[in-house]
Amino acid sequence: MSDQRVDDVLAPNLTFEGTTPYEDYVRASVLTGLQQPLSDDPGELAFLVTTQVMELWFTLLVHEWTTATAALRTDDLPTAMAALRRSLPELESLNASWKPIARLTPAQFNAYRSALGEGSGFQSAMYRRLEFLLGERSASMLVPHRGTPEALAALEKALTEPGLYDEVLRLLARRGHTIPVAVLDRDPALRYEPHPEVEAAWRRIYAEPDQDPDRTGTSDLVRLAEVLTDIAELVWRWRNDHLVATRRAMGARPGTGGSAGVAWLERRAAVLVFPELWTARGHV
Ligand code: HEM
């Protein structure tokens, strides 16, 4: 056979009845039709695409942590662990997405900033669901979404259901660890507040590797604690990378969303995710 004939035999299909199966699955024409910059500045597209890419990662993370939360509720630790472990490289990819806009100068950012009007990532409904799952909750965060009923309904549901850490602590209680009733029956619509008895439970879990089911020297609850700590660390990194990118791009100016900007983000970044997993370490 000639080289040309061999190439033809090995080549992918070229003809399809209608749209390609790739298009049917990926909806690429929808996705790549969503980039509509608001200014003439050539740098704006990098800002818009980075933001859209982050929305997709938020969506995937919400999916993984919702899966894990539901699995924990039914004591299905393997399914929960698989989802939590999948979320680690996804979080790392989310964090790597900062790169194209991590070092904007104020002049570069100002070239399209005014075109954003009052638009701010603070108004991201998917990021808010992600924070709700992690325990950073408040009914006031629903207010910006009153104009988008679908997003509002999803957020209301997320606010009134126990989050990932709530289900982790319920699992610990079912496994015989002392978790106060005030924590187990807490109002899920409020921000999770750390409790000394939860810290004591984690301290005991970390100190007792003898409950080892697989003889690896580490109990399944320690493995759960460690994957949660990895998640908390990577979320903290996202918040800090965001803070530094913001400080570089606009210093102490107020945010487009109306906050004090860097000063407000600093306070958000200072909040620990799954707080007792960090404080317990000082007492093991
Ligand atoms: C250099 C580019 C960026 C700057 C200067 C910036 C600035 C800010 C500021 C000042 C705030 C506080 C709220 C406000 O007043 O607007 C904020 C919040 C926020 N931004 Fe950005 N941002 C940038 C990029 C991004 C990107 C790419 C995303 C991805 C979606 C994002 C997501 C968020 C989120 C989710 C919040 C709310 C955080 C929270 O509720 O704790 N930001 N941003």
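So, here's what we can say about the structure. Just so we're clear, the structure is a prediction, and the values are computed from it rather than from any experiment.

With that out of the way, let us pick up the overall build of the protein. Each helix and strand counted, the protein has 14 helices and zero strands in total. Listing each helix as α and each strand as β along the protein from the N terminus yields α-α-α-α-α-α-α-α-α-α-α-α-α-α. Along the first, second and third principal axes, the C-alpha set of the protein runs to 65 × 65 × 35 Å. When burial is assessed residue by residue, the protein has 40% of its 284 residues classed as buried.

Now for the environment of Ala-102. Its place among the elements puts Ala-102 in the loop between helix H5 (77–96) and helix H6 (106–113). Along the sequence, Ala-102 and Val-244 sit 142 residues apart, while their C-alpha atoms lie 7.7 Å from each other. Residue contacts for Ala-102: discarding those within four places in its chain leaves Ala-245 and Arg-248.

Here H5 contains 20 residues, and its C-alpha end-to-end distance of 29 Å stays within 8% of the 28 Å for a straight helix at 1.5 Å per residue. At Leu-88, H5 is deflected by roughly 25°, the largest bend along its length, and proline Pro-89 occurs up to four residues later in sequence. Among the residues of H5, Leu-77, Ala-80, Met-81, Ala-83, Leu-84, Ser-87, Leu-88, Glu-90, Leu-91, Leu-94 and Asn-95 are the ones counted as buried. Packed against the buried residues of H5 are helix H4 (44–73), helix H9 (164–174) and helix H12 (220–250).

Turning our eyes to something else, we now look at the packing of H4 against H5. With their axes 8 Å apart at the nearest point, H4 and H5 run at an angle of 165° to one another. Between H4 and H5, the crossing angle belongs to the class labelled roughly antiparallel. For the pair H4 and H5, the sense of crossing is left-handed. Residues Met-54, Trp-57, Phe-58, Leu-60, Leu-61, Glu-64, Trp-65, Thr-67, Ala-68, Ala-71 and Leu-72 of H4 form the contact with H5, whose own contacting residues are Leu-77, Thr-79, Ala-80, Ala-83, Leu-84, Arg-86, Ser-87, Glu-90, Leu-91, Ser-93 and Leu-94.

Per the counting criterion, the structure on display carries twelve salt bridges. Across the pair Arg-73 and Glu-167 runs a salt bridge whose closest N-O atoms are separated by 2.8 Å. On the criterion of sequence distance, the pair formed by Arg-73 in helix H4 and Glu-167 in helix H9 is long-range, its members being 94 residues apart. Accessibility expressed as a relative area gives 40% for Arg-73, which makes it partly exposed. A salt bridge links Glu-161 to Lys-157, with the nearest nitrogen and oxygen atoms 3.0 Å apart. Classification of Glu-161 as partly exposed rests on a relative accessible area of 30%. One connected set of salt bridges, linked through shared partners, spans Glu-136, Arg-191 and Arg-268.

As a further point, take the coordination of the iron atom of the ligand. Metal coordination angles in their ideal form are 109.5 degrees for the four-donor tetrahedron and 90 or 180 degrees for the six-donor octahedron. Just one protein atom donates to the iron atom of the ligand; it is His-242 (NE2), sitting 2.1 Å from the metal. In this fold, His-242 is placed in helix H12.

Here we take up the site of the ligand. As a matter of local geometry, the ligand sits amid 26 residues, with Ser-120, Arg-128, His-242, Ser-259 and Arg-268 nearest to it. In this structure, Gly-257 approaches the ligand through a main-chain N or O atom, which is 2.9 Å from an oxygen atom. Those elements that provide at least two residues to the shell around the ligand are H4, helix H7 (125–134), H12 and helix H13 (262–269). It is H12 that contributes the most residues to the shell around the ligand, five residues altogether. Counted by class, the shell around the ligand contains 13 nonpolar, eleven polar and two charged residues.

Our next topic: unusual backbone geometry. The phi dihedral of Arg-27 falls on the positive side, at around 55°, and the residue is not glycine. A positive phi angle, near 60°, is found at Asp-75, a position not held by glycine. Following the sequence through the fold, Asp-75 ends up in the loop between H4 and H5. By relative accessible area, Asp-75 is classed as partly exposed at 45%.

Calculation criteria
Residues numbered from 1 in each chain as written. Predicted model: local features only at pLDDT ≥ 70, side-chain atom pairs only at ≥ 80, totals over all residues. Heavy atoms only, no water. Helix = DSSP H or I, 4+ residues; strand = E, 2+ residues; numbered from the N terminus. Buried < 20%, exposed > 50% of the residue type's maximum accessible area, 1.4 Å probe, protein only. Contact = heavy atoms within 4.5 Å. Expected span 1.5 Å × (residues − 1). Bend = angle between axes of the 7 residues up to and from the residue. Axes fitted to C-alpha atoms, helices over the stretch in contact; angles between N-to-C directions. Parallel < 35°, antiparallel > 145°, perpendicular 65-115°, else oblique. Left-handed = near helix turned anticlockwise from the far one by under 90°. Salt bridge = Lys/Arg side-chain N within 4 Å of Asp/Glu carboxyl O. Donors = N, O, S within 2.8 Å, 3.2 Å for Na, K, Ca; no water. Near = heavy atom within 4 Å. Polar contact = N/O pair within 3.5 Å; in protein donor to acceptor, adjacent residues only side chain to side chain. Nonpolar A, V, L, I, M, F, W, Y, C, P; charged D, E, K, R; others polar.

Any functional reading would require information that these geometric values do not contain.
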